[in-house]
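Each chain, written out:
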Amino acid sequence: MPKVTVRYWAAAKAAAQVAEEPYDAATLADALAAVRERHPGELTRVLQRCSFIVDGHPVGTRAHETVRLAEGGTVEVLPPFAGG
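Rules and cut-offs
Residues numbered from 1 in each chain as written. Predicted model: local features only at pLDDT ≥ 70, side-chain atom pairs only at ≥ 80, totals over all residues. Heavy atoms only, no water. Pairing = 2+ DSSP bridges. Helix = DSSP H or I, 4+ residues; strand = E, 2+ residues; numbered from the N terminus. Contact = heavy atoms within 4.5 Å. Axes fitted to C-alpha atoms, helices over the stretch in contact; angles between N-to-C directions. Salt bridge = Lys/Arg side-chain N within 4 Å of Asp/Glu carboxyl O. Buried < 20%, exposed > 50% of the residue type's maximum accessible area, 1.4 Å probe, protein only. Polar contact = N/O pair within 3.5 Å; in protein donor to acceptor, adjacent residues only side chain to side chain. Arc of directions from axis to C-beta.

Draft legend 1. View of the sheet that holds strand E4 (residues 57–58). Spatial ordering of the open sheet is given by E2-E1-E5-E3-E4, a layout of five strands whose pairing is mixed. The open sheet has two edge strands, strand E2 (20–24) and E4, and neither has a second partner. Of the strands in this sheet, strand E1 (3–8), E2, strand E3 (51–54) and strand E5 (74–78) touch helix H2 (residues 28–38), which is tilted by about 120° from E2.

Shown next, in the form of structure tokens:
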């Protein structure tokens, strides 16, 4: 199973209480399930509003089960930002 780094930004970072952490996950859905298991509560609620970037590519509306993760990859967790 690929080892990836999940990076949290803004409200996600505050809820996780870490900037980033490693996970073993084959898909974005697997990674997010592991995040929810490790951080029940506020981060789980924040994730419902987040967008995700995997290895520099926005996930958009793709089903998370279809987004494959690569060894050494990065998942960016981006809550909605205010301002412009």
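Draft legend 2. Summary view of the pattern of salt bridges. Summed over the entire model, instances satisfying the criterion amount to five salt bridges. One salt bridge connects Glu 76 with Arg 7, and the closest N-O pair in it is separated by 3.1 Å. Of this pair, Glu 76 sits in strand E5 while Arg 7 sits in strand E1, and the two are 69 residues apart along the sequence. Residue Glu 76 is classed as buried on the basis of its relative accessible area of 15%. Its salt-bridge partner being Arg 45, residue Glu 42 comes within 3.3 Å of it at the nearest N-O pair. Here the residue Glu 42 and the residue Arg 45 both occupy positions in helix H3 (residues 42–47), the gap between them amounting to three residues, near one helical turn. According to the relative accessible area criterion, Arg 45 is partly exposed, its value standing at 44%.

Draft legend 3. The arrangement of the environment of Ala 19 in detail. Residue placement: Ala 19 occurs in the loop between helix H1 (10–16) and E2. Separated by 12 residues in the primary sequence, Ala 19 and Arg 7 place their C-alpha atoms 5.8 Å from one another. With sequence-adjacent residues up to four places away left out, Ala 19 is seen in contact with Val 6, Arg 7, Tyr 8 and Lys 13.

Draft legend 4. Spatial organisation of the side chain of Glu 21. Residue placement: Glu 21 occurs in strand E2. We classify Glu 21 as buried; its relative accessible area is 9%. At 2.6 Å, the side chain of Glu 21 forms a polar contact with the side chain of Tyr 8. At 2.7 Å, the side chain of Glu 21 and the side chain of His 39 are in polar contact.

Draft legend 5. H2, seen in detail. Restricting attention to buried positions, one finds in H2 the residues Leu 28, Ala 29, Ala 31, Leu 32 and Val 35. Looking down the long axis of H2, one finds its buried residues gathered within 160° of arc, a one-sided arrangement. Buried positions along H2 lie against E1, E2, H3, E3 and E5.

Draft legend 6. Inspection of the pairing of E2 at higher detail. With burial as the criterion, only one face of E2 is covered, namely that bearing Glu 21 and Tyr 23; the residues Glu 20, Pro 22 and Asp 24 on the opposite face remain uncovered. Sheet topology places E1 next to E2; five bridges connect them, and they run antiparallel. Looking across to E2, one finds that Val 6 is bridged to Glu 21.

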